[in-house]
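This is what each chain is made of:
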Amino acid sequence: MERTLSIIKPDGVSRGLIGEVIKRFEQNQIRIVAMKMVQLTKKQAEGFYAVHKARPFFQSLTDFMCSGPVVVMVLEGENVIQKNRTIMGATNYKEAAEGTIRRDFATDIEKNIVHGSDAPETASFEIGYFFNAFELIS
Ligand code: GDP
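Residues numbered from 1 in each chain as written. Predicted model: local features only at pLDDT ≥ 70, side-chain atom pairs only at ≥ 80, totals over all residues. Heavy atoms only, no water.

Draft legend 1. Up close: the overall build of the chain. From N to C terminus, the chain includes 7 helices and 4 strands. Ordered by position in the sequence, the α and β elements of the chain form the string β-α-α-β-α-α-β-α-α-β-α. Computed over its C-alpha atoms, the radius of gyration of the chain comes to 14 Å, within 12% of the 14 Å expected for a compact globule of 138 residues. Its C-alpha atoms put the chain at 35 × 35 × 25 Å along the principal axes. (Helix = DSSP H or I, 4+ residues; strand = E, 2+ residues; numbered from the N terminus. Rg over C-alpha atoms; globule rule 2.2 N^0.38 Å.)

Draft legend 2. Highlighting the site of the ligand. What surrounds the ligand is the set Lys9, Tyr49, His52, Phe57, Leu61, Arg85, Thr91, Arg102, Ile109, Glu110 and Asn112. Take lysine 9: an N or O atom from its side chain is 2.9 Å from an oxygen atom of the ligand. One of the side-chain nitrogen or oxygen atoms of arginine 85 is found 2.8 Å away from an oxygen atom of the ligand. Considered on its own, the ligand offers 550 Å² of accessible surface; in the complex 80% of this is hidden by protein. For the shell around the ligand, the class distribution of residues is 4 nonpolar, 3 polar and 4 charged. (Near = heavy atom within 4 Å. Polar contact = N/O pair within 3.5 Å; in protein donor to acceptor, adjacent residues only side chain to side chain. Areas by Shrake-Rupley, 256 points an atom, 1.4 Å probe, with all protein chains shown as cover. Nonpolar A, V, L, I, M, F, W, Y, C, P; charged D, E, K, R; others polar.)

Draft legend 3. Here's a closer look at the sheet that holds strand S1 (residues 2-8). Pairing in this open sheet of 4 strands is antiparallel, and the strands run S2-S3-S1-S4 from one edge to the other. One side of each edge strand has no neighbouring strand; the edge strands of this open sheet are strand S2 (31-38) and strand S4 (114-116). Here the strands of the sheet are splayed against their neighbours by 20° on average, with no regard to which way each runs. When S1 meets strand S3 (residues 70-77), the two strands line up antiparallel, connected through 7 bridges. Paired with arginine 3 across the bridge in S3 is glutamate 76. Along the sheet, helix H2 (residues 18-27) makes contact with S1, S2, S3 and S4, crossing S3 at roughly 5°. (Pairing = 2+ DSSP bridges. Axes fitted to C-alpha atoms, helices over the stretch in contact; angles between N-to-C directions. Contact = heavy atoms within 4.5 Å.)

Draft legend 4. Seen up close, the packing of aromatic side chains. Under the counting rule described, the total for this entry stands at 5 aromatic pairs. Judged by centre distance (5.6 Å) and plane angle (55°), the ring pair of phenylalanine 48 and phenylalanine 130 falls under tilted. Linking phenylalanine 48 in helix H3 (residues 42-48) with phenylalanine 130 in helix H7 (residues 120-130), this pair joins segments that are 82 residues apart in sequence. Like phenylalanine 130, phenylalanine 48 is buried. Here tyrosine 129 and phenylalanine 130 contribute two aromatic rings whose centre-to-centre distance is 5.4 Å and whose plane-to-plane angle is 75°, an arrangement assigned as edge-to-face. A relative accessible area of 30% places tyrosine 129 in the partly exposed class. (Phe/Tyr/Trp six-rings, centres within 6.5 Å; stacked < 30°, edge-to-face > 60°. Buried < 20%, exposed > 50% of the residue type's maximum accessible area, 1.4 Å probe, protein only.)

Draft legend 5. Expanded view of unusual backbone geometry. Its identity as a non-glycine residue notwithstanding, asparagine 79 has a phi of 55°, on the positive side. Mapped onto the elements of the fold, asparagine 79 is located in the loop between S3 and helix H5 (80-88).

Read these as layout, nothing more, since geometry by itself doesn't imply function.
Shown next, in the form of structure tokens:
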């Protein structure tokens, strides 16, 4: 059993896509074991995306991520890290497969509706960034 962190980014929240994203998780037998809505500060967004600090899009990405509320969730299930990445689709919505969240809703390589951890180590860091052990339903 694996866990992963999912974020519905500010574009997903402001465009009314919270239910749509959650529906896709539930339809794919993914369990939500923690969930909250938060508005990140610039510093929190920079800390979350610290691995991308040297990338040219770091400023723009972290400004975007604190531009409005986000919904943060911990997902649980077998192979859920990869499963969530498949449901999300490729980073660039133009390359994302048909029927994925990003292909269906993203408007931009940056404003791509959802975030999902990409490996067990990042999932562990990212879950701990937003939730403590008492906030996870077992
Ligand atoms: P992810 O794991 O699919 O979210 O992709 P990455 O970890 O590579 O990038 C993190 C986030 O940065 C992406 O989801 C996008 O929001 C943003 N991003 C990635 N590449 C670019 C880019 O070339 N330009 C801009 N502006 N944003 C990008």
